[in-house]
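Take a look at the letters that make up each chain.
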Amino acid sequence: MPDSRPEGDEQEPRAAGKPSPGKNSLVPSATGIRRAAMDWLARREHCRHELEQRLGRRFPGATAAIGPVLDELEHEGLLSDARYVASLVRRRAATGHGPQRIRAELRQQGIDGSAATGDVDWLARAREVRTRRFGEALPADAASRARQMAFLQRRGFPAGICRAACLPPRED
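Residues numbered from 1 in each chain as written. Predicted model: local features only at pLDDT ≥ 70, side-chain atom pairs only at ≥ 80, totals over all residues. Heavy atoms only, no water.

**Student:** Please give an account of the packing of helix α1 (residues 30-43) against helix α3 (residues 63-75) that cites residues and values.
**Tutor:** Helix-helix packing: each pair is described by the crossing angle between the helix axes and the interaxial distance. Viewed as axis vectors pointing N to C, α1 and α3 meet at an angle of 55°, and their least axial separation amounts to 10 Å. Regarding the angle of α1 to α3, the classification is oblique. The chirality of how α1 crosses α3 is right-handed. Listed contacts from α3 to Ala 30, Ile 33, Arg 34, Ala 37, Met 38 and Leu 41 of α1 are Ala 65, Ile 66, Val 69, Glu 72 and Leu 73. Grouping the constituent residues of the contact of α1 with α3 by class yields 9 nonpolar, no polar and 2 charged. (Axes fitted to C-alpha atoms, helices over the stretch in contact; angles between N-to-C directions. Helix = DSSP H or I, 4+ residues; strand = E, 2+ residues; numbered from the N terminus. Parallel < 35°, antiparallel > 145°, perpendicular 65-115°, else oblique. Left-handed = near helix turned anticlockwise from the far one by under 90°. Contact = heavy atoms within 4.5 Å. Nonpolar A, V, L, I, M, F, W, Y, C, P; charged D, E, K, R; others polar.)

**Student:** Describe in detail the side chain of Gln 148, supporting the description with residues and values.
**Tutor:** Its place among the elements puts Gln 148 in helix α7 (residues 142-154). Only 3.1 Å separates the side chain of Gln 148 from the side chain of Arg 130, close enough to count as a polar contact. The residues touching Gln 148, leaving out its near neighbours within four places in the chain, are Arg 130, Phe 134, Pro 139 and Cys 166. (Polar contact = N/O pair within 3.5 Å; in protein donor to acceptor, adjacent residues only side chain to side chain.)

**Student:** So what's going on with helix α6 (residues 122-134)? Which residues, and what values?
**Tutor:** Taking 1.5 Å per residue as the helical rise, α6 with its 13 residues ought to reach 18 Å, and the 18 Å between its terminal C-alpha atoms agrees with that figure. If you check which residues of α6 are buried, you get Trp 122, Arg 125, Ala 126, Val 129 and Arg 130. One side of α6 carries all its buried residues, which in axial view fall inside an arc of 135°. At the exit of α6 stands Gly 135, carrying a positive phi of roughly 95°. (Expected span 1.5 Å × (residues − 1). Buried < 20%, exposed > 50% of the residue type's maximum accessible area, 1.4 Å probe, protein only. Arc of directions from axis to C-beta.)

**Student:** Pulling in residues and values, what's your account of the pattern of salt bridges?
**Tutor:** All told, the structure shown has 8 salt bridges when counted by the stated rule. Glu 50 is paired through a salt bridge with Arg 44; the nearest N and O atoms lie 2.5 Å apart. Overall, the relative accessible area of 16% leaves Glu 50 in the buried class. Accessibility expressed as a relative area gives 31% for Arg 44, which makes it partly exposed. Where Arg 83 meets Glu 45, a salt bridge forms, and the shortest distance between an N and an O atom there is 2.9 Å. Here Arg 83, found in helix α4 (residues 81-94), pairs with Glu 45, found in the loop between α1 and α2 (48-58); they are 38 residues apart in sequence, far enough to count as distant. Residue class for Arg 83 comes out partly exposed when judged on its relative accessible area of 34%. Several salt bridges share partner residues, and in doing so they unite Arg 34, Glu 72 and Glu 76 into one network. (Salt bridge = Lys/Arg side-chain N within 4 Å of Asp/Glu carboxyl O.)

Given below as structure tokens:
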């Protein structure tokens, strides 16, 4: 009878006389781990740390095999933390998040986010976010300006950019 498993889902040989492991207790080969990693990378960029965690949850018995597979993917240029950072900055800036929040998210994922500002005009982004939330009119009084600045700071924009976004544009 031919093997019904998809190609690449081979399992380690088991010792004779041992009972067959359950479906979820298979010890995957490097090919199976690589295939899972490639599936996730095909959907979006991942950092090494995130991919390592996801693969560890999916293949709990193969933690020693995950590192070499990720090393190989990095060597081939398929896994790149720099590409991941650029992608995350683009996505988060497009959804209205500021540089401080993006850096904090990168730090949580174990990536140095100090140079993660990208080629984004953060003042223009802050103005767009403020306009989308509060409308075109600039704040009329100190209380509404403080409320709008607090909103922008919660979104991760620095105080100087928040202040500038709540004032009329300067004509230099």
